[in-house]
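This is what each chain is made of:
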Amino acid sequence: MAVPAIRTTGLTKRYGTVRALEALDLEVPAGEVFGFLGPNGAGKSTTIRLLLGLARPTGGQAWIFDGDAADVAVAHRSIAYVPADVALWPDLTGAETLELLGRTGAGVDRAYRDELVDRFALDLSKPGRAYSTGNRQKVALVAAFATRAPLLVLDEPTSGLDPLMEREFQTAVVEARRRGQTVFLSSHQLAEVEAVCDRVGILRAGRLVEVAGMPELRRLHRSQVEVIFNGPMPVLDGVPGVETVENLTPARLRFTLTGPPGPALRAMAAADVTALRVHEPTLEEIFLDYYPEVSR
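Criteria and cut-off values
Residues numbered from 1 in each chain as written. Predicted model: local features only at pLDDT ≥ 70, side-chain atom pairs only at ≥ 80, totals over all residues. Heavy atoms only, no water. Pairing = 2+ DSSP bridges. Helix = DSSP H or I, 4+ residues; strand = E, 2+ residues; numbered from the N terminus. Axes fitted to C-alpha atoms, helices over the stretch in contact; angles between N-to-C directions. Expected span 1.5 Å × (residues − 1). Buried < 20%, exposed > 50% of the residue type's maximum accessible area, 1.4 Å probe, protein only. Parallel < 35°, antiparallel > 145°, perpendicular 65-115°, else oblique. Contact = heavy atoms within 4.5 Å. Nonpolar A, V, L, I, M, F, W, Y, C, P; charged D, E, K, R; others polar. Core = buried A, V, L, I, M, F, W, Y, C linked by side-chain atoms within 4.5 Å. Salt bridge = Lys/Arg side-chain N within 4 Å of Asp/Glu carboxyl O. Left-handed = near helix turned anticlockwise from the far one by under 90°. 1 Å grid on protein atoms, 1.4 Å probe; cavity = no way out; pocket = protein on both sides within 12 Å on 5 of 7 lines; lining within 4 Å. Points joined across faces, edges and corners; volume = space filled by probe spheres on them.

Participant: Would you mind going over the sheet that holds strand S12 (residues 242-249) with me for this structure?
Facilitator: Across a sheet, paired strands are connected by hydrogen bonds in the backbone, their directions being either parallel or antiparallel. On the basis of which strands lie adjacent, the open sheet formed by four strands has the order S12-S13-S11-S14 and antiparallel pairing. Unpaired on one side and paired on the other, S12 and strand S14 (272-279) mark the two borders of the sheet. In this sheet, adjacent strand axes meet at a mean angle of 20° when their direction is disregarded.

What follows is the structure, given as structure tokens:
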């Protein structure tokens, strides 16, 4: 079996009486794009610091491929990291920064790096002190995506990027997956996560409350179904998964559906249904199911 890119067992971090992360059991297969979700304070940044060896766990352990994450010198040979707020050497130009990062990492695809510089519209002639927040992010993203490191750890990587550059970022993530790299993406941009991730994990108050692929997540949560029919209304009482049936008009109804649609479809087959529309929940709607207080 292939060695997972990331594996944690019972990973725990406390700061005094504050529980930042509690018993995290997580496995991210090599070659996957994994989204890591949760609001501020949920434990995302703590998890990343533990994976990078920047903090020591209170309990449990983390591995990067087959090496202990606490062995920073070994683990970082496999990692390219982009933080939420990039700091650059103030006197080095963008070109010099990329060259330095390319020499200290796991190697670099120079032709691809040049292509990324063009796509991200990055001026490499300026010194680090002259870069805006968005341009500092661009430098770090180009360096990470051009690397040959098998694992990319991206923590809120599109901070300060405009929508066009966010699209380039998504394209670069897809290209990284095609090359067989693993991407661990922590983001508040739910549409971004939904567009590129194979699976997502949702943290709440330091605990992992869900890990699933997008199709599975949607099956676990409520869809809105609207039905238009002729004649008698479909009988949906007691049908598994059907909740909150609303009669909108004498020929139109709406209900919520959780789980497989088969029982509801069989119940409606006895009626003269002329139109059926299903609204699957977005990742944002699913996320708010775990954090209802966020939507208040």
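Participant: Would you explain the sheet that holds strand S9 (residues 199-204) in this entry?
Facilitator: With mixed pairing, six strands are arranged side by side in an open sheet as S6-S7-S8-S3-S9-S10. In this open sheet, the two strands that pair with only one neighbour each are strand S6 (79-82) and strand S10 (207-213). Across the sheet, the mean angle separating the axes of adjacent strands is 15° when strand polarity is ignored. Bridge analysis of strand S3 (residues 33-37) against S9 gives four bridges, and the strand direction is parallel. Residue Gly-35 lies in a different strand from S9, and its bridge partner there is Val-200.

Participant: Which parts of the structure should I look at to understand helix H5 (residues 133-146)?
Facilitator: Since the α-helix turns once every 3.6 residues, residues separated by three or four places project in the same direction. Taking 1.5 Å as the rise per residue, H5 with 14 residues should run 20 Å; its terminal C-alpha atoms sit 20 Å apart, in good agreement. By the criterion of burial, H5 is predominantly enclosed, with 13 of the 14 residues buried.

Participant: Is there a simple way to think about the packing of helix H4 (residues 110-119) against helix H6 (residues 163-178) in this case?
Facilitator: Two quantities define a packed helix pair, namely the angle between the helix axes and the distance between the axes. Axis separation between H4 and H6 bottoms out at 11 Å; the angle between their running directions is 155°. Judged by the angle between their axes, H4 and H6 are roughly antiparallel. Where H4 abuts H6, its residues Tyr-112, Leu-116 and Arg-119 lie against Met-165, Glu-168, Thr-171, Ala-172 and Glu-175. Among the residues making up the contact of H4 with H6, the classes are represented as four nonpolar, one polar and three charged.

Participant: Can you help me understand the pairing of S3 in this one?
Facilitator: If a strand is regular, its side chains alternate between the two faces of the sheet. The buried fraction of S3 amounts to five of the five residues, a majority that puts the element mostly inside the structure. Bridge count for S3 against strand S8 (residues 182-186) is four bridges, and the pairing is parallel. Bridge pairing in S8 links Phe-34 to Phe-184.

Participant: Looking at this structure, I do not really get the nonpolar core. What am I missing?
Facilitator: For soluble globular proteins, nonpolar side chains are generally found buried alongside one another. Among the nonpolar cores identified, the biggest contains 72 residues, and Ile-64, Phe-145 and Phe-184 are the most heavily contacted of them. When residues of this core are assigned to their parent elements, the largest contribution, eight residues, is made by H5. Once you skip the residues sitting within four places of it in the chain, Phe-184 turns out to touch Ile-6, Leu-26, Val-28, Phe-34, Phe-36, Ile-48, Leu-51, Leu-151, Leu-152, Val-153 and Leu-154. In terms of nonpolar packing, the next biggest core, distinct from the first, is built from 11 residues, Val-227, Leu-253, Ala-264 and Met-268 among them.

Participant: Got a minute to help me understand the pattern of salt bridges in this structure?
Facilitator: Should the charged atoms of two oppositely charged side chains come close, the side chains can pair. On inspection of all chains with the given rule, the structure shows 14 salt bridges. Note that Glu-168 is salt-bridged to Arg-119, the shortest N-O span being 3.2 Å. Taken together, the residues Glu-168 in helix H6 and Arg-119 in helix H4 connect sequence positions 49 residues apart. With relative accessibility at 18%, the residue Arg-119 sits in the buried group. What you see here is one network of salt bridges that share partners, running through Glu-99, Arg-103, Arg-110 and Arg-113.

Participant: For this particular structure, what's the right way to read the packing of H4 against H5?
Facilitator: At a minimum axis separation of 9 Å, H4 and H5 run at an interaxial angle of 150°. On the basis of their axis angle, the class for H4 and H5 is roughly antiparallel. For the pair H4 and H5, the sense of crossing is right-handed. Contact residues: H4 offers Tyr-112, Arg-113, Leu-116 and Val-117, while H5 offers Val-142, Phe-145 and Ala-146.

Participant: For this particular structure, what's the right way to read the layout of surface pockets?
Facilitator: A probe as big as a water molecule, rolled over the atoms, marks out the empty space that is left. Its volume calculated, the largest pocket comes out at about 650 Å³. The wall of the largest pocket is formed by 31 residues, among which Ile-79, Ala-80, Tyr-81, Leu-101 and Thr-104 lie closest to the centre. Mapped by element, the contributors of at least two residues to the lining of the largest pocket are S6, helix H3 (94-104) and H5. Of the residues that constitute the lining of the largest pocket, the class distribution is 21 nonpolar, seven polar and three charged. Reported here for the second largest pocket is a volume of approximately 240 Å³. Every residue lining the second largest pocket is counted, 17 residues in all, and those nearest its centre are Ser-223, Leu-257, Gly-259, Pro-261 and Glu-280. Counting only elements with at least two residues in the lining of the second largest pocket, the list comes to helix H8 (214-220), strand S11 (223-230), strand S13 (252-257), helix H9 (262-268) and S14.

Participant: How should I be thinking about the environment of Glu-175 in this particular structure?
Facilitator: Relative to the assigned elements, Glu-175 resides in helix H6. The sequence separation of Glu-175 and Phe-145 amounts to 30 residues, and the corresponding C-alpha distance is 8.9 Å. Discounting chain neighbours no more than four positions away, the residues touching Glu-175 are Tyr-112 and Arg-119.

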